[in-house]
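Secondary and tertiary structure notes
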Amino acid sequence: MVAVVGGESIGYLTAVGSARDPAELGLGVAKVWRSHGVGTRLVEAAIAWGRAHDVLKLAVEVFPHNRPTLHLFEKLGFEREGVRRGHYRRRDGALWDVVAYGLPLVRTSTPT
């Protein structure tokens, strides 16, 4: 999905998944358009898409220092599922944690 204003792309959201697997989300919004609701509308569209296509769950990873994005996903009902410690290696060699969030879209019973 792409958000466009005046022919210019100002944001995007990718969702890769299926009815069997969670759809992993990727989100980006141009710096000057942040805090204007672009990310909210993109994620809301992804939720609608997921429900319309019987996607099991939406999943996303967010860097813990990215407070606005953490808030965005929490506001839209995503649940914090945990922290992946040292999950990504940066170019400078530093290891960064990510916070994992999920939003189940299809309720299923779990085996006992």
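Residue numbers here run from 1 along each chain, matching the order of that chain's written sequence. Predicted model: local features are reported for residues with pLDDT of at least 70 only, side-chain atom pairs are reported and counted for 80 or more only, and whole-chain, interface and lining totals are derived from all residues. Note that the side-chain values use all heavy atoms of the structure and ignore hydrogens as well as water.

**Considering the packing of helix 1 (residues 38-52) against helix 2 (residues 67-75)**
Our working rule: The convention used is that axes are lines fitted to C-alpha atoms, helices contributing only their stretch in contact, and that angles between N-to-C directions extend from 0 to 180 degrees. Each helix corresponds to a stretch of at least 4 residues labelled H or I by DSSP, and each strand to a stretch of at least 2 residues labelled E; elements are numbered beginning at the N terminus. For classification, angles of less than 35 degrees are called roughly parallel, those exceeding 145 degrees roughly antiparallel, those between 65 and 115 degrees roughly perpendicular, and all remaining angles oblique. Put simply, a crossing is left-handed when the front helix is turned counterclockwise from the back one by less than a right angle, and right-handed when it is turned clockwise. Note on contacts: a residue pair qualifies if any of its non-hydrogen atoms lie within 4.5 Å across the two residues. Classes in brief: Ala, Val, Leu, Ile, Met, Phe, Trp, Tyr, Cys and Pro nonpolar; Asp, Glu, Lys and Arg charged; the others, Gly included, polar.
Running from N to C, helix 1 and helix 2 cross one another at 40°; their axes reach a closest spacing of 10 Å. Between helix 1 and helix 2, the interaxial angle falls into the category oblique. In this structure, the crossing between helix 1 and helix 2 has a hand that is right-handed. Facing Gly39, Thr40 and Val43 of helix 1, the residues of helix 2 in contact are Leu72, Phe73 and Lys75. Taken together, the residues of the contact of helix 1 with helix 2 break down into three nonpolar, two polar and one charged.

**Considering a nonpolar patch on the surface**
Our working definition: Residues enter a patch when their relative accessible area is above 30% and they make no salt bridge; the linking distance is 9 Å between like charges and 5 Å between nonpolar side chains (Val, Leu, Ile, Met, Phe, Trp, Tyr). Only the protein chains shown count as cover for residues, and the accessible areas themselves come from Shrake-Rupley with a 1.4 Å probe. We define a salt bridge as a contact between a side-chain nitrogen of Lys or Arg and a carboxyl oxygen of Asp or Glu at a distance within 4 Å.
Where nonpolar side chains cluster on the molecular surface, the patch consists of Val2, Val4 and Tyr12 and spans about 290 Å² of accessible area. For valine 2, the location among the structural elements is in strand 1 (residues 2-5).

**Some words on unusual backbone geometry**
Of note, the phi angle at serine 35 is positive, near 70°, even though the residue is not glycine. Within the secondary structure layout, serine 35 lies in the loop between strand 3 (23-29) and helix 1. Unusually for a residue other than glycine, aspartate 54 sits at a positive phi of about 55°. Within the secondary structure, aspartate 54 is located in the loop between helix 1 and strand 4 (57-62).

**Some words on the pairing of strand 5 (residues 79-89)**
Note on strand geometry: in a regular strand, side chains alternate between the two faces of the sheet. In plain terms, the rule: Here, any two strands with at least 2 DSSP bridges between them count as paired.
Examined bridge by bridge, strand 5 and strand 6 (residues 95-104) share seven bridges and lie antiparallel to one another. Bridge pairing links arginine 80 to tyrosine 101 in strand 6.

**A few points about the side chain of lysine 57**
The following threshold applies: Any pair of N or O atoms that falls within 3.5 Å is considered a polar contact. Within protein, one atom must be able to donate a hydrogen and the other to accept it, and sequence-neighbouring residues count only if both atoms are side-chain atoms.
Its location among the elements puts lysine 57 in strand 4. There is a polar contact of 2.7 Å between the side chain of lysine 57 and the side chain of glutamate 81. Apart from the residues lying within four places of it in its own chain, the contact partners of lysine 57 are Pro22, Ala23, Glu81, Gly102, Leu103, Pro104 and Leu105.

**Some thoughts on helix 2**
Rules: The cut-offs for exposure are 20% and 50% of the maximum accessible area for each residue type, with area from a 1.4 Å probe on protein chains only; residues under the lower value are buried, those over the upper are exposed, and the others partly exposed. This arc is taken over the directions from the axis of the helix to the C-beta atoms.
Among all positions of helix 2, only Thr69, Leu70, Leu72 and Phe73 are buried. Projected down its long axis, helix 2 shows its buried positions confined to an angular sector of 160°, all on one face. Away from the buried face of helix 2 by more than 90 degrees, exposed residues Arg67 and Pro68 are located. On the buried face of helix 2, the contacting elements are strand 3, helix 1, strand 4 and strand 6. Residue glycine 77 follows helix 2 closely and has a positive phi angle near 95°.

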